[in-house]
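Residues per chain, in single letters:
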Amino acid sequence: MGSTLIKGGTVVNADAAIRADVLVRDGLVVALGLGDDWSADEVVDATGKLVLPGGIDVHTHLEYPIDGFTTRTADDFHSGTIAAAHGGTTTVIDFVKKEPDKSLFDSYMRRRDVAAGKAVVDFGLHAIVPPRDQQENVLDDLRRLAGEGASSWKFFMAYPGTQMVDDGQLLEGLELAVEYGVLPMVHAENGHMVARETRLLIESGRTAENYHATAHGHESEAEAVHRAIVLADSVGSPVYVVHVSSAAAAAEIGQARSRGSLVWGETCPQYLAVAYEDYAELGEKAAAYICSPPIRERGNQEGLWQALTTGALSTVATDHAGFCLEQPNDLPPQKLRSPGYFPKVPNGVPGVEDRLMVVWETGVKTGRIDMCRFVDLMATRPAKLFGLFPHKGLVAVGADADLLVWDTAADHVITTAGSHMRTDYNLYDGMRVTGRPVHVFSRGHHLVNDGAFDGKPGRGSFLTRGKPHLF
Ligand code: URP
Ligand code: ZN
Ligand code: ZN
């Protein structure tokens, strides 16, 4: 492998921004400083630009089966990671769900092999813990998986009858996570409250797409977040709350953190930059916006931003789970499989390509967060929590050369046609952003060069992750 010199830029880490050149050799950063006499096979001029660690998206669902394996998300590990790379994300962590005819362990190994043949950026996999009636001995598999780099396990507090684990099973899982140094993650919505609201809405004929948001109320999210924290505290476990959408739920996390609980919250660009009002009147097309928890009222957004600035929320990931509106021939039924009936709409929205640009535009450019906080939310904290630090998540000598040259002056309009995700719509279609990655390096390889992509399927490596850095 060759060497690259990124010259003239300002290196931004979570703790500081400094003027420095970056010398890369054999996939690693080997020197950082003002290297007037440094030379390399390739020199990239970063004058007037920023050099950031590659984005780490710890929440994606690529070629991900849902609803009893009756359908799947549109992007596979190839198209999804190409899109990630174009948007400046050089690591994704996806999920493994137990397959009906396989153990969780075997499902994990199979999915790891599938992803390894397709991914163009490095990837990790969280294990989703099924309820015990789907696999009696799942705790044995979790023990084995902890030794295979699955240092994060996800528990669903929603979807009773399919994925939801009860509080007893959640407690057992949290205890085991403490023993093995694993970070438990929770999808925190009270599944029973959502199921009841859904039933009442169906009984009263309110099944149009926009009622999905009514069914998934703020209270059901805040209640589950509160309960997850209490349960985790009771066994001395850390807990990571995925896709926090409600300001009330974020406030629960903030209060618990100030009491000393080991809890971290993630939110997503769709909750920060899109609102219920954007889709409430779209009729069937509102299916494009359906995800759980839902995209909430515009008035909710400011509370999430405040939580990102105070530290109540710690990361921004995408929960990228895109489905198409128009039905492609090669995919199982997508968003419009049950027009007018929200309970059957596949849940999930795309965004893996948009995350950095949208948060830069709506967070850094508006002055809500500074660029160091941006790096912390997008790369450093995710790397720490998910066992990738200090190899990833920072620009430093010895770290992987997962690097972005970020042009703060580059004007760009996000469009569906200009995106690399497979979905036929984009939540941010028409959004003008200033600031985007013009060069993307993955372990030193120049993956995106001013929009031109160069990377073979399978070049991304599976990441055997270590224990979380909690402090
Ligand atoms: O609606 C969503 N978020 N779909 C993806 C699966 C999940 O629950 O995270
Ligand atoms: Zn979820
Ligand atoms: Zn998800």
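Placed above this text is the structure.
Attention in this report is confined to the structure presented alongside it.

### Some thoughts on the coordination of the zinc ion (ligand 3)
- In the first shell of the zinc ion (ligand 3), the protein supplies His59 (NE2), His61 (NE2) and Asp319 (OD), at 2.0 to 2.1 Å from the metal.
- Between the 4 donor atoms coordinating the zinc ion (ligand 3), the angles at the centre fall across 85 to 135°, so the site counts as irregular.
- Taken in chain order, the donor set of the zinc ion (ligand 3) reads H-x1-H-x257-D.
- If you look at the zinc ion (ligand 3) and the zinc ion (ligand 2), they sit 3.7 Å from each other. Pair noted here: His59 is in the loop between strand E8 (55-57) and strand E9 (65-66) and Asp319 is in the loop between strand E17 (315-316) and helix H11 (355-364), with a separation of 260 residues, a long-range link. Across the pair, exposure class does not vary: His59 and Asp319 are buried alike.

### Concerning the pattern of salt bridges
- In total, this model carries 26 salt bridges according to the counting rule given.
- Between Arg337 and Asp67 there is a salt bridge whose closest N-O contact spans 2.2 Å. Linking Arg337 in the loop between E17 and H11 with Asp67 in the loop between E9 and strand E10 (71-72), this pair joins segments that are 270 residues apart in sequence.
- For Arg337, a relative accessible area of 27% translates into the label partly exposed.
- Residue Asp122 is joined to Arg443 by a salt bridge in which the shortest nitrogen-to-oxygen separation is 2.7 Å. Of this pair, Asp122 sits in strand E12 (residues 122-128) while Arg443 is found in the loop between strand E19 (432-442) and strand E20 (445-449), placing the two residues 321 residues apart along the sequence.
- In this structure Asp122 comes out as buried when scored by relative accessible area, which is 1%.
- A relative accessible area of 22% places Arg443 in the partly exposed class.

### Thoughts on the coordination of the zinc ion (ligand 2)
- In this structure, His187 (ND1) and His243 (NE2) serve as the protein donors to the zinc ion (ligand 2), at separations of 2.1 Å.
- Considering all 4 donor atoms around the zinc ion (ligand 2), angles at the metal cover 54 to 144° and the coordination shape is irregular.

### Some remarks on helix H10 (residues 298-310)
- Taken together, the buried positions of H10 are Asn300, Gln301, Leu304, Trp305, Ala307 and Leu308. Each buried residue of H10 sits inside an arc of 155° when the element is viewed along its axis, so together they form one side. In H10, those exposed residues whose orientation departs by more than 90 degrees from the buried face are Gly299, Gln306 and Thr310.
- One or two residues past the end of H10 sits Gly311, with phi positive at roughly 95°.

### Regarding the site of ligand 1
- What surrounds ligand 1 is a group of 13 residues, the closest being His61, His187, Ser292, Asp319 and Asn347.
- Within the side chain of Asp319, one N or O atom sits 2.6 Å away from a nitrogen atom of ligand 1.
- A distance of 3.3 Å separates a nitrogen atom of ligand 1 from a polar atom in the backbone of Asn347.
- Protein chains bury 96% of the 270 Å² of accessible surface belonging to ligand 1 in isolation.
- Looking at the shell around ligand 1, its residues break down into 4 nonpolar, 7 polar and 2 charged.

The rules behind these values
- Residues numbered from 1 in each chain as written.
- Chains lettered and ligands numbered in written order.
- Predicted model: local features only at pLDDT ≥ 70, side-chain atom pairs only at ≥ 80, totals over all residues.
- Heavy atoms only, no water.
- Donors = N, O, S within 2.8 Å, 3.2 Å for Na, K, Ca; no water.
- Tetrahedral: all angles 85-135°; square planar, octahedral: opposite > 155°, others 65-115°.
- Helix = DSSP H or I, 4+ residues; strand = E, 2+ residues; numbered from the N terminus.
- Buried < 20%, exposed > 50% of the residue type's maximum accessible area, 1.4 Å probe, protein only.
- Salt bridge = Lys/Arg side-chain N within 4 Å of Asp/Glu carboxyl O.
- Arc of directions from axis to C-beta.
- Near = heavy atom within 4 Å.
- Polar contact = N/O pair within 3.5 Å; in protein donor to acceptor, adjacent residues only side chain to side chain.
- Areas by Shrake-Rupley, 256 points an atom, 1.4 Å probe, with all protein chains shown as cover.
- Nonpolar A, V, L, I, M, F, W, Y, C, P; charged D, E, K, R; others polar.

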